[in-house]
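Here's the letter readout for the chains.
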Amino acid sequence: HSAAARETPRELTGGKRPRRPAREVEAQSEARTGHQPPPRPSRRHSHNDSEEDMFGDPDSFCGNSSLLAQVDDIEQKYLQDENKDIKAAGEIKNDNFSTKENMVVFEADKEEGFQMNENDPVDNNQELTVSILDDLPSSQLLYFEEMNELSSDSRLSSISEIRNKFVSSSSVKIRSPSSFCPDAEHRNRPTDFSSDSKCDLFKAESLKDHLKSAMTVNAKAQTLQVSKTKQLKEAVLSEEICVARKTIESPSADIGPFYGLPSKVKDLFRQFRGIETLYEWQHDCLMLDSLQQRRNLIYSLPTSGGKTLVAEIIILQELLCRHKNALMILPYVAIVQEKVRGLSSFGVELDFLVEEYAGSKGRFPPLKRRKKKSLYIATIEKGHALVNSLIETERIDDLGLVVVDELHMLGEGSRGATLEITLAKLLYTSKNTQIIGMSATLNNVGDLQKFLQAEYYTSNFRPVELKEYIKIRDTIYAVDSKTENGFTFSRLLNFKYSSNLEKADPDHIIALVTEVIPEYSCLIFCPTKKNCENVASMVCKYLKKLHREKEKQDLIQNLKNIGNGSICPVLKQTIPFGIAYHHSGLTNDERKSIEEAYSTGVLCLLACTATLAAGVNLPARRVILRAPYVANDFLKKSQYKQMIGRAGRAGIDSAGESILIVQEKDKHLVQNLVTSPLENCYSNLLMELTKGMQSLLLSLVGLKIAVTHEEVSSFMCSTLLGVQQQLLSNEKSLSEITEDGLANLVEKGLLKERTSAKDHDPKRTLTITLLGKATYKGAIDLAYCNLLYRELKKGLEGLVLESNLHLLYLATPYDMTLNCTPDWMIYLRQLNQLSAAEQKIMDIVGVPESFITKKASGQAIRKNVDSAVVNRLYLSFVLYALLKETNIWSVSEKFNMSRGYVQNLLNSAASFASCVLHFCEELEEFWVYKALLTELTKQLTYCVKTELIPLMEVAGVLEARAKQLYNAGYKTLAHLANANPETLVGTIKHLSRCQARQMVSSAKVKHSVLPIPQDLQKFQWYLL
Ligand SMILES: Nc1ncnc2c1ncn2[C@@H]1O[C@H](COP(=O)(O)OP(=O)(O)OP(=O)(O)O)[C@@H](O)[C@H]1O
Ligand SMILES: [Mg+2]
């Protein structure tokens, strides 16, 4: 279920803008007239339905009943507002016009368009945003908002610039006016409809009327001129794409202007990334036969070698030339978010969608788009869920390309297992999906090639030289793997330390740091979180406060705002010196703020854990490794390479160096580290049994990918484990292990076996049981599904409902209990505060009070008590306090836990609560939990005062905004759904018009439809 972490009801809409023409018209008319229509009591189609239908079947526009229902809505609305609005607009005098007359309106507008633009640039620009925003995911909406803000000062000039560009471009074929309307074809070919039935005739009539009214609304709204500009832009682009596609499709022809892509792509890389030319290896790689022929490919280059650019070009080829969707899998949420930000602008310019699948974002299965192609950018877990959802809905062939960054992650724990499962399913179910994998730290490429049926490209190129050093006492050695020792003398460290300083800083970190900061920036990787904070505090004591003080104060203020007025004392002390620490104990927002300040040079030194080690493009002239350890484990070669690889990033630094601080005792281990090859990448399907092998077997049957023993066996041979089966112990073969796994699932009651004897050939088929279905629908870790069942069953006999504590206990994620060490005094204090009824929970779950009392007083305990249960109850106390106090800071202080941990617990619990909910939904006996867990999921998801919860369900509304709205009188969804966006802008501070409109639309959707359980039901099990 950790895979489901941060999946919340809200994310189901993924912050997407609802696509509801009728509502849109309403919102626009409200905006113009200030008139608020009465709330619409019921709708024929839910938000989801209409979205699905709109995009569901691109070829049957006329036959789409859901669309027609919306058309009716528009008609009705239009009839109501018609006279008033037409008069107000003063443009259209004859409401009974024919299609031909309609065209005249377009023609007329075309003539006057640009003039009107210049007369009223502000309005037009707003409308441009609205018309383009229709189809965009939230990431791109954000880009638009930024663009909008940036351009607000120079709107007039930019619009006329665009106009000039297109007017003067002689090679551009301007589309005929009819083609401005996407449905022109239907209009111009009435015979298309005449041959059909009465019903179709009616639909066609209705559609015609819809077009009429839609065009009238367009004409009134003065959007046309700018829309035309957009259409012209599109025309140029689509022409280029068309040429490019032809070139790429014909094998003999020369490749297109820019690797088969429009030359605009090259301009965009220059404009957005400052990349003028490709490195030689990038060119060679893109020209490989394997890529030309769409074969799978693995490529490997040193850190900062520029691997991403090659992947991005291949992705663009897929989206623009081959017209298929693409998926990019990245290791962490923060990296996904960074990539989404980086590629959204490309999406806007090149007309594809960038959809985020990380943290609280992502929709399963993804929306079908009528025209645009999508680039899904996902974490490993979400990428897996996405692939599952596409397999289940038989849409996997729409996915033309999957790119996996940091492919070496295949060898890393349960995430490695999940990545392997995803890729194996892809390889097995979709022969046409191309797979590209890249990494800086691969060793046993042969195995990976075999697994992915891929070719291989490698080079040693690194644009910025990285010099590796180690420091022992006061001597710096250069790493030289060719020598016997692994390093050679370089220099003595030049420093003058007082005896006090020598004591405080025996490893000479200050000397190493001050050689580079403040002119350049520096990262120090530390083995533990506490060590990060200590290093940051220690270094700042010996530095002077330097420039950019105002920006540093702003950063402190920003962190205070994030912490509701509190700031970590260490950060408060270190930031004025340009120093901070960075680790998972900080909340996500704190981390983001600090990273940003470091990237812009406000901070010049970060003491961090391995959280910043992979894929991040933060500037560092020098990377220092405080010790060759991550927590208590000695560094692995790949970890070492990734960490030092952060130094000297191309485009940011012109040089880079790393220094590993080594104690005399570790010298030999370090010699080994620098001279040995990178670690091999091994399958984790068996190591991670329940999240790996067993979960794979269950979902193979659940998804009907493989339902007989033979099919399952053949699937298993195509995994990385299958490739590496010679590494299995001699005791059991892969097929025996598979059979054992299936038998285990049957034994657990998750699978059933049926034998059918057809033609005297008995065939054993596997099916999934109710418990199995509940387990995968709820994405419950197979290690806990039986336990969860038992606990819920016990709850049916006596659930304490005086408060939500007992329910919280049931929704506390099992896997978080493993690393939890309760503070017994705090535990006891919490117990003492429980009411008599709440104390019964202790008996029910099996935590004797005497056990806690003895623990707190340090007495010996003879009784055998299950520590997992004790820990789980402790964590449910934390959650209980969080829901009461709604303040991560105060709760983390109360329980003496880091706020990052508390935030993580809360997110995991929100996610697990919805997992348990879906588990219960599949099992009739647990009907009573549905209502309870639905409510609890919401409480955990939003963790705000109960009265704010409805407002938090609106896309884009966070706690602060919900408070503002509540205080301004918008206390319910109904209030917000009926609000006038213009009035909202006037009442709510720092709210843009665009945000206000989105909020109102989203509130309308939430207000009228979307029962959460159903919606959640759809996606949870894709995570298995
Ligand atoms: N042709 C190029 N010209 C100039 N800069 C480039 C070029 N290609 C890539 N870069 C820049 O090089 C930097 C590093 O590239 P990238 O992030 O792709 O490295 P990487 O190979 O993925 O490294 P890592 O393995 O550490 O993730 C980026 O800032 C990128 O913009
Ligand atoms: Mg990279």
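Since we're looking at a predicted model, the values are computed, not measured. Position labels on residues start from 1 in each chain and follow its written sequence. To read the labels, note that chains go from A and ligands from 1, taken in the order they are written. The model is predicted, so local features are restricted to residues of pLDDT at least 70 and side-chain atom pairs to those at 80 or more, both for listing and for counting; the totals for chains, interfaces and linings are taken over all residues. The basis for every side-chain value is the complete set of non-hydrogen atoms in the structure, without hydrogens or water.

1. A few points about the overall build of the chain
- Counting its regular elements, the chain contains 47 helices and 19 strands.
- Working definition: with a 1.4 Å probe on protein chains only, accessible area under 20% of the residue-type maximum means buried, over 50% means exposed, and in between means partly exposed. Within the chain, the fraction of its 1024 residues that count as buried is 56%.
- Contact definition: two residues touch when any of their heavy atoms are within 4.5 Å. Residue pairs at least 24 apart in sequence account for 73% of intrachain contacts in the chain once pairs closer than 6 positions are excluded.
- Carbon together with sulfur atoms contributes 50% to the accessible area of the chain, which is approximately 43800 Å² in total. Helix numbers and strand numbers start at the N terminus; a helix is a DSSP run of H or I with at least 4 residues, a strand a run of E with at least 2. All accessibility values rest on the Shrake-Rupley procedure with a 1.4 Å probe; residue burial counts only the protein chains present in the view.

2. With respect to the packing of helix H28 (residues 690-702) against helix H31 (residues 734-747)
- Lines fitted to C-alpha atoms define the axes here, with helix axes fitted over just the stretch in contact, and angles between the N-to-C directions of these axes take values from 0 to 180 degrees. Direction vectors running N to C along H28 and H31 enclose 70 degrees, while the axes themselves pass 10 Å from each other. One finds that H28 runs roughly perpendicular with respect to H31. Seen from H28, the contacting residues are Met693, Gln694, Leu697 and Leu698; seen from H31, they are Ile737, Thr738, Gly741, Leu742, Asn744 and Leu745. Our angle categories are set so that under 35 degrees counts as roughly parallel, over 145 as roughly antiparallel, 65 to 115 as roughly perpendicular, and the remainder as oblique.

3. Overview of a nonpolar patch on the surface
- Patch definition: residues above 30% relative accessible area lacking any salt bridge, with like charges linked at up to 9 Å and the nonpolar side chains Val, Leu, Ile, Met, Phe, Trp and Tyr linked at up to 5 Å. Throughout this description, the term salt bridge denotes a Lys or Arg side-chain nitrogen within 4 Å of a carboxyl oxygen of Asp or Glu. Side chains of Leu796, Trp927 and Val928 sit close together on the surface and give an oily, nonpolar patch of about 300 Å² of accessible area.
- Relative to the elements of secondary structure, Leu796 occurs in helix H33 (residues 785-797).

4. With respect to the packing of helix H17 (residues 380-392) against helix H18 (residues 413-429)
- Contact geometry of H17 with H18 gives a least axis separation of 9 Å together with a crossing angle of 25 degrees. With respect to H18, the axis of H17 lies roughly parallel. Of the two elements, H17 crosses H18, and the hand of that crossing is left-handed. Seen from H17, the contacting residues are Ile380, Glu381, Gly383, His384, Val387, Asn388 and Ile391; seen from H18, they are Arg415, Thr418, Leu419, Ile421, Thr422, Lys425, Leu426 and Thr429.
- Along the lines of polarity and charge, the residues of the contact of H17 with H18 split into six nonpolar, six polar and three charged. Take the far helix as the reference: if the near one is turned anticlockwise from it by less than a right angle, the crossing is left-handed, and if turned clockwise, right-handed. When residue character is reported, Ala, Val, Leu, Ile, Met, Phe, Trp, Tyr, Cys and Pro are called nonpolar, Asp, Glu, Lys and Arg charged, and the others, Gly included, polar.

5. Things to note about the sheet that holds strand S17 (residues 656-662)
- With respect to topology, eight strands assemble into an open sheet ordered S10-S9-S8-S17-S14-S11-S13-S12, the strand pairing being mixed. Single-partner strands in this sheet number two, and they are strand S10 (487-492) and strand S12 (579-582). The sheet shows a mean angle of 25 degrees between the axes of neighbouring strands, taken without regard to direction.
- Across the sheet, helix H26 (residues 637-644) lies against strand S8 (466-472), strand S9 (475-479), strand S11 (522-525), strand S14 (622-625) and S17, angled at about 145 degrees from S14, the strand it touches most. Strands qualify as paired when DSSP identifies two bridges or more between them.

6. A short note on the nonpolar core
- The criterion is simple. A nonpolar core is a set of buried Ala, Val, Leu, Ile, Met, Phe, Trp, Tyr and Cys residues joined through side-chain atoms within 4.5 Å. Within the largest apolar cluster, 127 residues are counted, with the highest numbers of intra-cluster contacts made by Leu423, Met716 and Leu940.
- Once you skip the residues sitting within four places of it in the chain, Leu940 turns out to touch Leu808, Leu879, Leu883, Leu906, Ala909, Ala910 and Ala913.
- Counting residues in hydrophobic clusters, the runner-up holds 72 residues, among them Val602, Ala620, Tyr640 and Ile659.

7. Description of the pattern of salt bridges
- This model, assessed by the stated rule, comprises 28 salt bridges.
- Among the ionic pairs, Arg270 bridges to Asp267, the shortest N-O distance being 3.6 Å. Remark: Asp267 and Arg270 occur in helix H12 (residues 263-273); sequence separation between them is three residues, near one turn of the helix.
- On the accessibility criterion, Arg270 (33% relative accessible area) is partly exposed.
- Each member of the salt-bridge network shares a partner with another, and the members are Arg491, Glu515, Arg622 and Glu657.

8. Remarks on the sheet that holds strand S2 (residues 325-329)
- The strand order across the open sheet formed by seven strands is S3-S4-S2-S5-S6-S1-S7, and the pairing between neighbours is parallel. Every interior strand has two partners, whereas the edge strands, strand S3 (353-357) and strand S7 (454-458), have only one. Across the sheet, the mean angle from the axis of one strand to that of its neighbour is 15 degrees, orientation sign disregarded.
- When S3 meets strand S4 (residues 374-378), the two strands line up parallel, connected through five bridges. Of the residues in S4, the one forming a bridge with Val354 is Leu375.
- Relative to the sheet, H18 contacts strand S1 (296-300), S2, strand S5 (399-404) and strand S6 (434-439), its axis offset from that of S5 by approximately 150 degrees.

9. What about the site of ligand 1?
- With respect to spatial proximity, 19 residues lie near ligand 1, and among them Thr277, Ser304, Lys307, Thr308 and Arg649 are the closest.
- One of the backbone N or O atoms of Thr277 is found 2.9 Å from a nitrogen atom in ligand 1.
- A total of 640 Å² of accessible area belongs to ligand 1 in isolation, and the protein chains cover 88% of it.
- Looking at the shell around ligand 1, the element that brings in the most residues is helix H15 (residues 307-321), giving three residues. The criterion for a residue being near a molecule or strand is simple. One of its heavy atoms has to lie within 4 Å of it. Under the rule applied, a polar contact is a pair of N or O atoms within 3.5 Å (in protein, one hydrogen donor and one hydrogen acceptor; residues adjacent in sequence only if both atoms are side-chain atoms).

10. Overview of helix H41 (residues 927-942)
- Counted at 1.5 Å a residue, the expected span for H41 with its 16 residues is 22 Å, and the 24 Å between its end C-alpha atoms agrees.
- At Leu933, H41 is deflected by roughly 25 degrees, the largest bend along its length.
- Inspection of H41 places Tyr929, Leu933, Thr934, Leu936, Thr937, Lys938, Leu940, Thr941 and Tyr942 among the buried residues, and these make up the whole buried set. Multiplying 1.5 Å by the helix residue count minus one yields the expected span of that helix. The angle between axes fitted to the seven residues ending at a residue and the seven residues starting there is what we call the bend at that residue.

11. Side note on the packing of aromatic side chains
- Under the pairing criterion, centres of Phe, Tyr and Trp rings, with the six-membered ring standing for Trp, must be within 6.5 Å; the plane angle then separates stacked pairs below 30 degrees from edge-to-face pairs above 60, leaving the rest tilted. Per the counting criterion, the structure on display carries 23 aromatic pairs.
- Between Tyr814 and Phe912, the ring centres sit 5.8 Å apart and the planes meet at 80 degrees, which makes this aromatic pair edge-to-face. A residue pair is termed long-range when its members are at least 10 positions apart, and Tyr814 in the loop between helix H34 (805-810) and helix H35 (824-832) and Phe912 in helix H40 (residues 899-921) qualify at 98 residues.
- For Tyr814, a relative accessible area of 4% translates into the label buried.
- Relative to Tyr827, the ring of Trp824 lies with its centre 5.7 Å away and its plane at 5 degrees, an arrangement referred to as stacked. On the criterion of helical spacing, the pair formed by Trp824 and Tyr827 is a turn pair, its members being three residues apart in helix H35.
- When its relative accessible area of 0% is taken as the criterion, Tyr827 is described as buried.
- Chaining the aromatic ring pairs together yields one cluster made of Trp824, Tyr827, Phe851, Tyr874, Phe877 and Phe895.
- Cation over ring: Lys971 sits above Tyr966, and NZ or CZ is 4.2 Å from the ring centre. Distance and angle both matter: a charge sits over a ring if NZ of Lys or CZ of Arg is within 6 Å of the ring centre and within 35 degrees of the ring normal.

12. Let's talk about the pairing of S12
- Where burial is concerned, the two faces of S12 agree: the one with Ile579 and Tyr581 and the one with Ala580 and His582 are both buried.
- Summarising the sheet, S12 and strand S13 (residues 605-608) pair through four bridges and their orientation is parallel. Within S13, the residue paired with Ile579 across the bridge is Leu605.
- Place the viewer so that the strands point away; then a crossover is right-handed whenever the path from the first strand over the helix to the second strand goes clockwise. Once you follow S12 into helix H25 (residues 588-599) and on to S13, the crossover reads as right-handed.

13. Considerations on the pairing of S14
- Along S14, one buried face is formed by Arg622 and Ile624 and the opposite face, lined by Val623 and Leu625, is buried too.
- As paired strands, S11 and S14 are joined by four bridges and run parallel to one another. Looking at the pairing, Leu523 lines up with Val623 of S14.
- Sheet topology places S14 next to S17; four bridges connect them, and they run parallel. Of the residues in S17, the one forming a bridge with Leu625 is Leu660.

14. Digging into the environment of Gly692
- Along the chain, Gly692 turns up in helix H28.
- A sequence separation of 275 residues divides Gly692 from Ala417, and the C-alpha atoms of the two residues are 5.3 Å apart.
- In this structure Gly692 touches Ala417, Ile421 and Leu685, once residues within four positions along its chain are discounted.

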